[in-house]
Amino acid sequence: MQGEARFFDPLTAMWASGVFLSCLLVLATVNIGSPRKWRVLRQAAFRARLGQQILREEVDTSDRNVLGLLAVAVAAIAMLLWQAAMVFQGQAPAYWMIFLAVAAALLAQALLLQLVAWIARTDTGITEYIYTGALLHAALGIVALPISMLAAYRPEMRDWLIAIGLGLLAIGLLYRWLRGALIGLGEGVPVRYILLYICAAEIGPLALALDALLNSTAQLS
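Here the structure is a predicted model, which is why all the values come from computation and not from measurement.

A.B. asks: Account for the pattern of salt bridges, with residues named and values stated.
C.D. replies: In this structure the tally under the stated criterion is one salt bridge. For Arg154, the salt bridge goes to Glu156, with nearest N and O atoms at 2.6 Å. Residue classification places Arg154 among the partly exposed positions, given a relative accessible area of 38%. Look at Glu156 and you get exposed, because its relative accessible area is 54%.

Encoded structure:
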């Protein structure tokens, strides 16, 4: 006698649970190895500028704890975007493709800022913007992780959970650009240069990435 076909929920696949577990293990490792990073993350989330003392003591983008937090952020944000495509579009590119796209976008932004600093032969707050931006992305990832976990295992809550998550990501991006403007103004950078950078290096690549994601999703249909 043939049994009834069981419904397979892609959002609760074994690999997705593995991603969640890996993120939690990294966060636990950071908590044990460098618990004061949570204080710096809190300050990065709620203060417009971190201040010179914190920058002198904490600025090190090669710090393995910061890199671990950024890896969690990339994994969590990519998972939320993948879930959004699956729930609202019915299909999505492979998760690893979205993961690589998010990681590439963050890396490209940091490299572009370093290039600007090298060409201009001045820092003018660029190091502060890179570091605070990295911490803000880490904070967004930590917020996105429980949302994506709940969306995976609570199907009845998925629609509004994912909508909230996407809304928080959008607010985080706007806050990042506002903070960049405040840092630039505080360092004496003309407003026109700040607007040019945000439009060319932040909004433009983001729009291209979203367009590529939508196109890849449409090609699957």
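Picking up where we left off.
A.B. asks: With reference to specific residues and values, describe a nonpolar patch on the surface.
C.D. replies: On the surface, Leu112, Leu115, Val116, Trp118 and Ile119 cluster together to form a nonpolar patch covering roughly 490 Å² of accessible area. Of note, Ile119 is situated in helix 5 (residues 95-120). By relative accessible area, Ile119 is classed as exposed at 57%.

A.B. asks: How would you summarise the side chain of Ser148 if you had to cite specific residues and measurements?
C.D. replies: For Ser148, the position within the fold is in helix 6 (residues 126-153). When its relative accessible area of 0% is taken as the criterion, Ser148 is described as buried. In contact with Ser148, other than residues within four places in its own chain, are Phe20, Met79 and Gln83.

A.B. asks: Got a sec to walk through the packing of helix 4 (residues 64-89) against helix 7 (residues 158-186)? Specific residues and values, please.
C.D. replies: Helix 7 packs onto helix 4 with a crossing angle of 135° between their chain directions and a minimal axis gap of 10 Å. When the axes of helix 4 and helix 7 are compared, the pair comes out oblique. For the crossing formed where helix 4 meets helix 7, the hand is left-handed. When helix 4 is examined against helix 7, the residues Ile77, Leu80, Leu81, Gln83, Ala84, Val87 and Phe88 are found in contact with a partner set consisting of Arg158, Asp159, Ile162, Gly165, Leu166 and Leu169.

A.B. asks: Report on the packing of aromatic side chains, specifying residues and quantitative values.
C.D. replies: Aromatic ring pairs are reported here in terms of the distance separating the ring centres and the angle at which the planes meet. The final tally for this structure, using the stated rule, is four aromatic pairs. On the basis of an interplanar angle of 65° and a centroid distance of 6.1 Å, the ring pair of Phe20 and Tyr153 is categorised as edge-to-face. Of this pair, Phe20 sits in helix 1 (residues 14-33) while Tyr153 sits in helix 6, and the two are 133 residues apart along the sequence. Taking relative accessible area as the criterion, Phe20 reaches 3% and is therefore assigned buried. Given the relative accessible area of 39%, Tyr153 is considered partly exposed. A ring pair is formed by Tyr95 and Phe99, whose centres lie 6.2 Å apart and whose planes are at 50°; its orientation type is tilted. Of this pair, Tyr95 and Phe99 both sit in helix 5, separated by four residues, roughly a single helical turn. In textbook terms, an aromatic cluster arises when at least three aromatic residues are bridged by ring pairs, as seen for Trp15, Trp82, Tyr95 and Phe99.

A.B. asks: Run through the nonpolar core, naming residues and quoting values.
C.D. replies: The nonpolar side chains of a soluble globular protein tend to be buried with one another. Counting 43 residues, the largest nonpolar core has Met79, Trp82 and Tyr95 as its most contacted members. Listing elements by their share of this core, those giving two or more residues are helix 1, helix 2 (37-46), helix 4, helix 5, helix 6 and helix 7. Once you skip the residues sitting within four places of it in the chain, Trp82 turns out to touch Pro10, Leu11, Trp15, Ala92, Pro93, Ala94, Tyr95 and Ile98. Judged by nonpolar contacts, the second largest core, of twelve residues, contains Leu113, Ala181, Ile194 and Ala201.

A.B. asks: How would you sum up the environment of Leu11? Please name residues and give values.
C.D. replies: Note on placement: Leu11 falls in the segment before helix 1. Along the backbone, Leu11 and Arg154 are 143 residues apart, and their C-alpha atoms lie at a distance of 10.0 Å. Filtering out sequence-adjacent residues up to four positions away, Leu11 remains in contact with Ala16, Trp82, Gln83, Met86, Val87, Ala151, Ala152 and Arg158.

How each quantity is defined
Residues numbered from 1 in each chain as written. Predicted model: local features only at pLDDT ≥ 70, side-chain atom pairs only at ≥ 80, totals over all residues. Heavy atoms only, no water. Salt bridge = Lys/Arg side-chain N within 4 Å of Asp/Glu carboxyl O. Buried < 20%, exposed > 50% of the residue type's maximum accessible area, 1.4 Å probe, protein only. Patch = residues over 30% accessible without salt bridge, like charges linked within 9 Å, V, L, I, M, F, W, Y side chains within 5 Å. Areas by Shrake-Rupley, 256 points an atom, 1.4 Å probe, with all protein chains shown as cover. Helix = DSSP H or I, 4+ residues; strand = E, 2+ residues; numbered from the N terminus. Contact = heavy atoms within 4.5 Å. Axes fitted to C-alpha atoms, helices over the stretch in contact; angles between N-to-C directions. Parallel < 35°, antiparallel > 145°, perpendicular 65-115°, else oblique. Left-handed = near helix turned anticlockwise from the far one by under 90°. Phe/Tyr/Trp six-rings, centres within 6.5 Å; stacked < 30°, edge-to-face > 60°. Core = buried A, V, L, I, M, F, W, Y, C linked by side-chain atoms within 4.5 Å.

By themselves, these are just geometric observations and shouldn't be taken as functional.
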